[in-house]
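Okay, here's what each chain looks like letter by letter:
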Amino acid sequence: MSNPLLEKLAELKRVVGNTPVIRLRNLFPSNVEVYMKLEFMNPTGSHKDRIALFMVEDAIRKGLLYPGGTIVEASSGNTAISIAWVAARLGLRAVIVVEEQVSRQKIGVLKSLGAEIVYARQGENVKLASELSEKLGGVWLNQYDNPANHLAHYTTTGPEILRQLGEVDLFVMGMGTCGTVTGVGRFLKEKLGNRVKVVGVVPRGSAIKGGPGKGDRIEGLITSFVPGLCREFDEYVDEIVEVSYNEALKAVKELARREGILAGLSSGANIVGVRRALELFKARKVVTIAADSILRYPELLS
Ligand SMILES: Cc1ncc(COP(=O)(O)O)c(C=O)c1O
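Residues numbered from 1 in each chain as written. Predicted model: local features only at pLDDT ≥ 70, side-chain atom pairs only at ≥ 80, totals over all residues. Heavy atoms only, no water.

Draft legend 1. The nonpolar core, seen in detail. Grouped together as the largest cluster of nonpolar side chains are 36 residues, with contacts concentrated most on Leu24, Met36, Leu170, Leu255, Ile261 and Ile271. For this core, the secondary-structure elements that each account for two or more residues are β2 (33-38), β7 (170-174), β8 (197-203), β9 (239-243), α9 (245-259), α10 (265-280) and β10 (285-290). Of the residues forming this core, the biggest block, six residues, is contributed by α10. When neighbours within four sequence positions are excluded, leucine 170 is seen to be in contact with Val196, Lys197, Val199, Ala277, Leu278, Phe281, Ala283, Lys285, Val286 and Val287. Counting 35 residues, the second-largest nonpolar core is a separate cluster that includes Leu12, Ile81, Trp85 and Ile107. (Core = buried A, V, L, I, M, F, W, Y, C linked by side-chain atoms within 4.5 Å. Buried < 20%, exposed > 50% of the residue type's maximum accessible area, 1.4 Å probe, protein only. Helix = DSSP H or I, 4+ residues; strand = E, 2+ residues; numbered from the N terminus. Contact = heavy atoms within 4.5 Å.)

Draft legend 2. Up close: the environment of serine 206. If you trace the backbone, serine 206 turns up in the loop between β8 and α8 (228-232). In this structure, the C-alpha to C-alpha distance between serine 206 and valine 226, residues 20 residues apart in sequence, is 8.9 Å. Leave out the neighbours within four places in its chain, and serine 206 touches Gly211, Gly213, Gly215, Ile222, Thr223 and Glu242. A polar contact of 3.1 Å, which involves the side chain of serine 206, links it to the backbone nitrogen of isoleucine 208. (Polar contact = N/O pair within 3.5 Å; in protein donor to acceptor, adjacent residues only side chain to side chain.)

Draft legend 3. Spatial organisation of the state of the cysteines. This structure, assessed with the given rule, holds one disulfide. The disulfide that involves cysteine 178 links it to cysteine 230, with 2.0 Å between the sulfurs. Between cysteine 178 and cysteine 230, the S-S dihedral sits near 90°, and the bridge is therefore right-handed. In this pair, cysteine 178 sits in the loop between β7 and α7 (179-192) while cysteine 230 sits in helix α8, placing the two residues 52 residues apart along the sequence. The burial state of cysteine 178 is the same as that of cysteine 230; both residues are buried. (Disulfide = S-S within 2.5 Å.)

Draft legend 4. Here's a closer look at helix α5 (residues 125-136). Given a rise of 1.5 Å per residue, 12 residues ought to cover 16 Å, and the 16 Å separating the end C-alpha atoms of α5 matches this to within 8%. Summarising the contacts, the buried residues of α5 are in contact with β3 (70-74), β4 (93-99), β5 (116-120) and β6 (139-140). Backbone geometry just downstream of α5 places glycine 137 in the positive-phi region, at approximately 65°. (Expected span 1.5 Å × (residues − 1).)

Draft legend 5. Spotlight on the packing of helix α1 (residues 4-13) against helix α3 (residues 78-90). Two numbers describe how α1 lies on α3: the axes approach to 9 Å, and their chain directions differ by 125°. Taken as axis vectors, α1 and α3 run oblique relative to one another. Classified by chirality, the crossing of α3 by α1 is right-handed. Seen from α1, the contacting residues are Leu5, Lys8, Leu9, Glu11 and Leu12; seen from α3, they are Trp85, Val86, Arg89 and Leu90. In terms of residue class, the contact of α1 with α3 is built from six nonpolar, no polar and three charged. (Axes fitted to C-alpha atoms, helices over the stretch in contact; angles between N-to-C directions. Parallel < 35°, antiparallel > 145°, perpendicular 65-115°, else oblique. Left-handed = near helix turned anticlockwise from the far one by under 90°. Nonpolar A, V, L, I, M, F, W, Y, C, P; charged D, E, K, R; others polar.)

Draft legend 6. Structural view of the domain arrangement of the protein. Domain annotation for the protein reports domain 1 (4-41 + 154-300) and domain 2 (49-140). The C-alpha-based centres of domain 1 and domain 2 are spaced at 24 Å. The largest per-residue losses of area from domain 1 upon contact with domain 2 belong to Leu5, Leu12 and Arg296, which jointly make up 33% of the total buried on that side. Our enumeration of links across domain 1 and domain 2 arrives at five salt bridges. (Domains from an automatic or database assignment. Buried area = accessible area lost by both parts, 1.4 Å probe. Salt bridge = Lys/Arg side-chain N within 4 Å of Asp/Glu carboxyl O.)

Draft legend 7. Representation of the pattern of salt bridges. Throughout the structure, instances matching the rule amount to 20 salt bridges. One salt bridge connects glutamate 57 with arginine 61, and the closest N-O pair in it is separated by 2.8 Å. In this pair, glutamate 57 and arginine 61 both sit in helix α2 (residues 48-61), four residues apart, roughly one turn of the helix. The class for glutamate 57 is buried, based on a relative accessible area of 12%. Given the relative accessible area of 58%, arginine 61 is considered exposed. Two residues, glutamate 254 and lysine 250, come together in a salt bridge whose shortest N-O distance is 3.9 Å. Of this pair, glutamate 254 and lysine 250 are both found in helix α9, four residues apart, which corresponds to roughly one turn of the helix. Residue class for lysine 250 comes out exposed when judged on its relative accessible area of 55%.

What follows is the structure, encoded as structure tokens:
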């Protein structure tokens, strides 16, 4: 029996992923090949389009979502936008729980996609999303613990990287939900063995590295708690390095000026992370991710 939601979802799968990789020609010595996968070329401008599709598909297949059903998620960033986009295409109701200080510009994007916004006090958006999903009879996707997030990258981003580059010695990625670093990391290690090293990047002071949890704010990367997926799949991450806000910002500007790549702040953190990782591991071919674009953060451009 055909499922109208799955049919619409299949249409979206054709336009998500298969993003290009580009070699960084100026920021690293010529004896190391460093590539960046441009995830900002996904339809809503980030790698989160991949996980929105996977998490929604998983919920449909489990019989939790039906035409006209409700999705609830706690996110003020890229995931919220990706979920609102999928919901708009599938005719679902999206309720996004955001913390009070989220920018008006992001709220504008979410509203333009038809999402309903619920405000929560700082640190309370996850709890409120869980409560709201019960109250509204909706599905709480919960990207921090949802294995479909990890599987999206295990099934799509990882294989794309291997297809595009053939061989990789080192993969470096910022840790938010840890879906990307663990999903890609697992795929590469299963295919290439433990000779491929996987390095996670966190903001200075992050709880993931045992810090006080009041780390520098690098949007998308985690500071205050250790997400479930980071724990569950930690065997696929060899090392975690810390990066400060100022270092990430400087690298974002270098990426733009010296490489012509308009990537967001977490991509700057990834560049600093690659430098740190190359001090820890010998590597000839390195890949990292530009998760989103600087155009999403116009305030950083000045
Ligand atoms: C801009 C940005 N970079 C990096 C990440 C981290 O990716 P992941 O959640 O897969 O660990 C996120 C996650 O929200 C993000 O929005």
